[in-house]
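The residues making up each chain are set out below.
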Amino acid sequence: MTKAVSPADKNNPLFLALDVSDIDLAVRTANKLKPHIGGIKLGMEFFYNFGTDGYERIRETGLPIFLDLKLYDIPATVSAAVRTLARLSPALLTIHASGGIEMMRAASLAAKEADTPPRIVAVGMLTSLEDADLEREGIPQTAEIRTRHLADNAIEAGMDAFVCSPKEITPLRERLGGDVLLITPGIRPEGAKANDQKRTMTPEEAYRLGADILVIGRPILHAGNPEAAAREISESLRPHRSGK
């Protein structure tokens, strides 16, 4: 299956989740790991700590930025937020698919008005959730069915990309074809701790199944040698990157 065109640098699918509490450390880490990653994901922890000033310091690396703020509100509010955030020129910007089709459509339209439109990414089920969590919330669906439902809504709303756990890559790639960018957190190298992730997979497995971007944070940042850890993961993916 042909994959979607990824915004990752040099077609390296590895995005570093750079959620740290020290901006100087974040900048040093980003620059040191730059040769081994395709982009950087900045989430709520980073953005709420350091704001646009911190964002700009990371953007100076020249790597694509995945701004993962998971916007969720009424359509008008999300639309306004997307217009504001688009001024930062992120390559990717997340919203929650569970916000509904109209909210997603509003985000998509707002993004297209930007001078440099970001790809709007719909987030399905968080990888910290599984079937039992849905049952506790009174949702009579398995994680796979729930994710498929959210993905269908996202595509109908005009989303450019979708976030899913590695466990849903195969059914979604078969369902959505090669034009939709699939982004997968919950990536754990062999032997790494799962932490709070429940639906995980190794980088090689996820990429081989059809993921376009692999988001990895703690297994790299908490390694004894983060640069070596990022290099090892990147090199493990190289055999699968030819011709993509």
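Coordinates for the structure precede this section.
Residues numbered from 1 in each chain as written. Predicted model: local features only at pLDDT ≥ 70, side-chain atom pairs only at ≥ 80, totals over all residues. Heavy atoms only, no water.

Details of the sheet that holds strand β3 (residues 65–71)
- The strand order around the closed barrel formed by eight strands is β1-β2-β3-β4-β5-β6-β7-β8, and the pairing between neighbours is parallel. Between one strand axis and the next, the sheet turns through 25° on average, direction left out of account.
- Taken together, the three bridges between strand β1 (residues 14–17) and strand β2 (residues 39–43) define a ladder with parallel strand orientation. Bridge pairing links Leu16 to Ile40 in β2.
- Most of the contacts of helix α3 (residues 75–86) go to β3, to which it runs at about 160°, and overall it touches β3, β4 (92–96) and β5 (119–123).
- Contacts from helix α4 (residues 101–112) reach β3, β4 and β5 within the one sheet, and its direction differs from that of β4 by about 160°. (Pairing = 2+ DSSP bridges. Helix = DSSP H or I, 4+ residues; strand = E, 2+ residues; numbered from the N terminus. Axes fitted to C-alpha atoms, helices over the stretch in contact; angles between N-to-C directions. Contact = heavy atoms within 4.5 Å.)

Things to note about the nonpolar core
- With 61 residues, the main nonpolar core has Ile58, Met104 and Phe162 as its most contacted residues.
- In terms of residues, this core owes the most to one element, α4, which gives six residues.
- Core analysis: the second largest hydrophobic core is formed by twelve residues, Val123, Ala161, Leu181 and Val215 among them. (Core = buried A, V, L, I, M, F, W, Y, C linked by side-chain atoms within 4.5 Å. Buried < 20%, exposed > 50% of the residue type's maximum accessible area, 1.4 Å probe, protein only.)

Let's talk about the pairing of strand β7 (residues 181–184)
- Alternating positions in β7 separate into two faces, Leu181 and Ile183 on one and Leu182 and Thr184 on the other, with burial throughout.
- Examined bridge by bridge, strand β6 (residues 161–163) and β7 share three bridges and lie parallel to one another. Its bridge partner lying in β7, Phe162 is registered against Leu182.
- Remark: the β6/helix α7 (residues 169–176)/β7 crossover connection has right-handed handedness.
- As defined by bridge partners, β7 adjoins strand β8 (residues 213–216) across two bridges and the pair is classed as parallel. Each residue of the ladder has a partner; that of Thr184, found in β8, is Leu214. (Right-handed = clockwise from strand over helix to strand, strands pointing away.)

Overview of the pattern of salt bridges
- Counted according to the given criterion, the structure contains 13 salt bridges.
- For Lys41, the salt bridge identified is with Asp19, shortest N-O distance 3.8 Å. Taken together, the residues Lys41 in strand β2 and Asp19 in the loop between β1 and α1 (23–33) connect sequence positions 22 residues apart.
- Residue Asp68 pairs with Lys41 through a salt bridge whose shortest N-O separation is 3.0 Å. Of this pair, Asp68 sits in strand β3 while Lys41 sits in strand β2, and the two are 27 residues apart along the sequence. Comparing Asp68 with Lys41, the two get one shared label, buried.
- Connected through shared salt-bridge partners, Asp19, Lys41, Asp68 and Lys70 make up one network. (Salt bridge = Lys/Arg side-chain N within 4 Å of Asp/Glu carboxyl O.)

Some details on α3
- Relative to the 16 Å expected for twelve residues at 1.5 Å per residue, α3 spans 16 Å between its end C-alpha atoms, a close match to the ideal helical length.
- Within the sequence span of α3, burial applies to Val78, Ser79, Val82, Leu85 and Ala86. Projection of α3 onto a plane perpendicular to its axis shows the buried side chains occupying an angular sector of 135°, all on one side.
- Packed against the buried residues of α3 are α2 (44–59), β3, β4, α4 and β5. (Expected span 1.5 Å × (residues − 1). Arc of directions from axis to C-beta.)

A closer look at the environment of Pro189
- Mapped onto the elements of the fold, Pro189 is located in the loop between β7 and α8 (203–209).
- Each C-alpha atom of the pair Pro189 and Pro203 lies 6.1 Å from the other, and the pair is 14 residues apart in sequence.
- Excluding residues within four positions of it along the chain, Pro189 makes contact with Thr202, Pro203, Pro219 and Ile233.

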